[in-house]
Amino acid sequence: MGGTGEKARPAWRGRAVWATALVVVLAVVVAGVVIHKIRKDRLDTGAVRSENAAISGPAVSSSAQFQVPNAALVVQATAGRAARFDDDGRIRAPRGGVLVRVAWSSTRSAAPTAEGLGDAPSTLAVRSRGRTVTVDPRIVGTAGEQQAVVALLGDADDVVLEVRFAGRGQAVELLSGRRHAGSFASLYTNGAWPFGPKPALSFQQKQPADPASSISWNAEVRDHDAFRVPYLAGLGWAPRGREWFVVRSVGYYLNDDAALWKSGGRRAQYAVQGASRFAVTVAGKAPAKVLRKPGESGKAYGYSAPRGGEYVFSIRSGDRATVESALSATLRRSSGDRAAPRVVALKVQRRDVHPAVAGSAGEGR
């Protein structure tokens, strides 16, 4: 009996060991499943998901508009600790982190020039505690709303929305709305985009400077549009403290009978001899670049009507800009009384003063 009992004990001990091992294995499996579920329930820091989602639970929302030289972007952002996705339910932020749902759209700039702004893309990113995650690396022209959820470390007050263009960036803090416009500041200045303010003073000399002159011109310098921009394709960013001032649709009308001479009952007509000359300056300085010279576009009602020119000037940011346009030509008497001068010099001038633009939108939305 005693011998039999001694032999039975190892069998029970073996079963106990196997049972204990099985319990341990099951515990490890269960723990693994729980850990996997916890990890699956959280996004990793730096992760980006583009599915439809909504931030759940307590959240902070804000919106910002960004101007870049060739487009306008509208960005809406909501930050919270969790988000609900259409496909797999509720997902949480990384430990010590935040989820940011970003929705954005863009519109091609309405600026009155096609040649100068180019098609350089913009980049949209979200930044928090020193880490920047790109959500759209290439925003070009007009695009409908897109969205993404970004996982970052930190809180809502650490989140910054950032837009980059042609190597330079600007940012808006999510919670405070504080804007860091940098090189883009002039795009937010009142009246500077897309058109500059209307000239405060305009002076046009349609006739010779001497009011007693017996000659009158059949010519006119046209009005123009103007706007300020920090960047132009082909020229790049304006130097520090300066901006590009673009004068467009500038040109002139010149009649085939360019001048009329009258003295008592005597008259004479004049026509252009050789080529007419047209120049545009700002503050007396020549343009940094001529995007397009006024070109002949046909004649109507006896007038030469060139297509408008487009000129770029470098001026100090926000400064007053005095645009002077001048048409000159040598005229020869073509018919009429020989008592009239044989040759006269035509000069028609126009001066437009664009007022200074005060202040900068480097702060605020």
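The residue numbers shown here count from 1 along each chain, following its written sequence. This being a predicted model, a pLDDT of at least 70 is required before a residue's local features are given, and a value of 80 or more before pairs of side-chain atoms are given or counted; all residues contribute to the totals for chains, interfaces and linings. With hydrogens and water excluded, all non-hydrogen atoms of the structure serve as input to the side-chain values.

## Regarding the nonpolar core
Where we set the bar: Each nonpolar core is a collection of buried residues, namely Ala, Val, Leu, Ile, Met, Phe, Trp, Tyr and Cys, held together in the definition by side-chain atoms within 4.5 Å. Classification of residues uses two cut-offs on accessible area relative to the type maximum, computed with a 1.4 Å probe and protein chains only: under 20% is buried, over 50% is exposed, and between them is partly exposed. Secondary structure elements are defined from DSSP: runs of H or I of at least 4 residues count as helices, runs of E of at least 2 residues count as strands, and each element is numbered from the N terminus.
Membership of the largest hydrophobic core comes to 42 residues, with the highest contact counts inside it found for Phe66, Val100, Trp104, Leu124, Val126 and Val229. Ranked by residues supplied to this core, first place goes to strand β3 (residues 71–85) with five residues. Counting residues in hydrophobic clusters, the runner-up holds 30 residues, among them Ala219, Tyr252, Phe278 and Ala329.

## Points about unusual backbone geometry
Positive phi, normally seen in glycine, also occurs at arginine 129, with a value near 50°. Locating arginine 129 in the fold gives a position in the loop between β6 (122–128) and β7 (131–139). Owing to a relative accessible area of 55%, arginine 129 belongs among the exposed residues under this scheme. Of note in the backbone geometry, alanine 166 takes a positive phi value of approximately 50° without being a glycine. Structurally, alanine 166 is set in the loop between β9 (160–165) and β10 (168–173). For alanine 166, a relative accessible area of 35% gives the class partly exposed.

## Remarks on the side chain of aspartate 41
Inclusion rule: We call two residues in contact whenever any of their non-hydrogen atoms come within 4.5 Å of each other.
You can see aspartate 41 is positioned in the loop between α1 (2–40) and β1 (48–49). Its relative accessible area of 18% is what places aspartate 41 among the buried residues. The contacts of aspartate 41, once residues within four sequence positions are left out, are Arg90, Ile91 and Arg92.

## Digging into the pattern of salt bridges
What counts is decided by this rule: Any carboxyl oxygen of Asp or Glu that lies within 4 Å of a side-chain nitrogen of Lys or Arg is treated as forming a salt bridge with it.
Taken as a whole and judged by the stated rule, the model has 14 salt bridges. In this structure, arginine 228 engages glutamate 243 in a salt bridge whose closest nitrogen and oxygen atoms are separated by 2.7 Å. Taken together, the residues arginine 228 in strand β14 (residues 225–229) and glutamate 243 in strand β17 (residues 242–250) connect sequence positions 15 residues apart. Taken together, the shared-partner salt bridges connect Arg81, Arg129, Asp155 and Asp158 into one network.

These figures come from the coordinates and say nothing about function on their own.
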